[in-house]
Amino acid sequence: PDAVSVMPNYIQNFTENPTCPLVQVKVSPWGYKDKIVLVGDAAHAMVPFYGQGMNAAFEDCLLLDEITEGCKNDLRKAVAKFVKEREPAGRAIAQLSMGNYLEMR
């Protein structure tokens, strides 16, 4: 009841504002030679019901940096290693998020 006083038109606002479908992105490959590497939502966009999208993106960046350094800045090796190591975890967190969404609806 407390919120109703500051939202006098909440039913009208709700019915007049369209909703968007929730989607999950599955792409492959995540990288191409030493030219392209996908991280974050570009690689594994997920529904927002697990609360881990931004954390997953930060993990992507950290791991890519560590792998690039470990490969002595050889991007061809680094991209291939990053994709091999990170893609399964990216797919898993997106799948967990979707599962949580399906359970909650």
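Residues numbered from 1 in each chain as written. Predicted model: local features only at pLDDT ≥ 70, side-chain atom pairs only at ≥ 80, totals over all residues. Heavy atoms only, no water.

Evaluation of the coordinates by the stated rule reveals five salt bridges. Asp34 is the salt-bridge partner of Lys35, the closest N and O atoms lying 3.6 Å from each other. Here the salt bridges share partners, and the residues they tie into one network are Glu59, Asp60 and Arg86. (Salt bridge = Lys/Arg side-chain N within 4 Å of Asp/Glu carboxyl O.)

Overall, the prediction assigns the chain a mean pLDDT of 91, with 99% of residues at 70 or greater. Confidence, read as mean pLDDT per element, is least for helix α1 (residues 10–16) in the chain (90) and greatest for helix α3 (residues 53–70) (96). (pLDDT = per-residue confidence, 0-100. Helix = DSSP H or I, 4+ residues; strand = E, 2+ residues; numbered from the N terminus.)

What follows concerns helix α4 (residues 75–104). Here α4 contains 30 residues, and its C-alpha end-to-end distance of 41 Å stays within 8% of the 44 Å for a straight helix at 1.5 Å per residue. Taking the largest bend as the criterion, α4 deviates by roughly 40°, centred on Arg86, and proline Pro88 comes between one and four positions later. Among the residues of α4, Ala78, Val79, Phe82, Val83, Arg86, Glu87, Gly90, Ile93, Ala94 and Ser97 are the ones counted as buried. Looking at the buried side of α4, the elements it contacts are β1 (31–32), β2 (36–37), α2 (41–44) and α3. Measuring from the backbone nitrogen of Arg76 back to the side-chain oxygen at the start of α4 gives 3.2 Å, which picks out Asp74 as the cap. (Expected span 1.5 Å × (residues − 1). Bend = angle between axes of the 7 residues up to and from the residue. Buried < 20%, exposed > 50% of the residue type's maximum accessible area, 1.4 Å probe, protein only. Contact = heavy atoms within 4.5 Å. Polar contact = N/O pair within 3.5 Å; in protein donor to acceptor, adjacent residues only side chain to side chain.)

In this section: the side chain of Ser97. Topologically, Ser97 is positioned in helix α4. On the basis of relative accessible area, Ser97 is assigned to the buried category, the value being 0%. With residues near it in sequence (within four places) discarded, Ser97 still touches Met46, Val47, Pro48, Phe49 and Tyr50.

This part is about the state of the cysteines. Enumeration over the complete set of coordinates arrives at zero disulfides. With no disulfide of its own, Cys71 has Cys61 as its nearest cysteine by sulfur position, at a separation of 17 Å. (Disulfide = S-S within 2.5 Å.)

It is worth spelling out the nonpolar core at this point. Formed by Trp30, Ala43, Leu63, Leu64, Ile67, Cys71, Ala78, Val79, Phe82 and Val83, the largest nonpolar core amounts to ten residues. Among the elements of the structure, α3 and α4 are those that each provide at least two residues to this core. The greatest single-element share of this core, amounting to four residues, is contributed by α4. (Core = buried A, V, L, I, M, F, W, Y, C linked by side-chain atoms within 4.5 Å.)

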